[in-house]
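Observations on the model geometry
Listed here are the chains, written in short residue letters.
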Amino acid sequence: MEYQGRILKVLPVQSGTRKSDGTAWQSQEFVFEFFERPEQTWSEKVVLTLFGDRVTENDLQFGDEVVVDFSHDTREHTGRVENNPHPSAPRQLDGQTPT
């Protein structure tokens, strides 16, 4: 689903090297605030994670007004149930990706 909202917090980029094949990886989390329905008076907040090239393609800043398309997936991993939202690259309300 596509949501319009704003960036509340941008966390530092994390990076490393995969043990299995030695390739580099990077990710960045950000807190996204949105209203699920127009008549809703309270906001929803979710932590979303960008991976790989999406991290360098998006210079997310606090307060950016963006549109994000994301879906949810829930799975069990190492004995824990995890909720995994999968976002697209955020884009500014004018249709451009944040710069």
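For every chain, the first residue of its written sequence is number 1, and the numbers climb from 1 along that sequence. Whole-chain, interface and lining totals are the exception, using all residues; otherwise, since this is a predicted model, local features are given only for residues with pLDDT of at least 70 and side-chain atom pairs are given and counted only at 80 or more. Side-chain numbers come from the whole structure's heavy atoms, not from hydrogens or water.

1. Re the side chain of Ser27
Tracing the backbone shows Ser27 in strand S3 (residues 24-34). Accessibility expressed as a relative area gives 7% for Ser27, which makes it buried. Throughout, a residue-residue contact means that at least one pair of heavy atoms, one from each residue, lies within 4.5 Å. Sequence-distant contacts of Ser27, defined by excluding residues within four places in its chain, comprise Pro12, Val13, Gln14, Thr49, Leu50, Phe51 and Val55. Put simply, DSSP marks the helices as runs of H or I at least four residues long and the strands as runs of E at least two long, and each gets a number from the N terminus on. Accessibility here uses a 1.4 Å probe with only protein chains present; expressed as a share of the type maximum, an area under 20% marks a residue as buried, one over 50% as exposed, and anything in between as partly exposed.

2. Notes on the nonpolar core
Note on soluble globular proteins: their nonpolar side chains tend to be buried together. Core analysis: the largest hydrophobic core is formed by 13 residues, its most contacted members being Phe30, Phe32, Leu48 and Phe70. Looking at this core, the elements with two or more residues in it are strand S1 (2-10), S3, strand S4 (44-51) and strand S5 (65-77). Every residue in contact with Leu48, bar those within four places of it in the chain, is listed here: Gln28, Glu29, Phe30, Phe32, Val68, Phe70, Pro85 and Pro87. For the purposes of this section, nonpolar cores are sets of buried Ala, Val, Leu, Ile, Met, Phe, Trp, Tyr and Cys residues that join through side-chain atoms within 4.5 Å.

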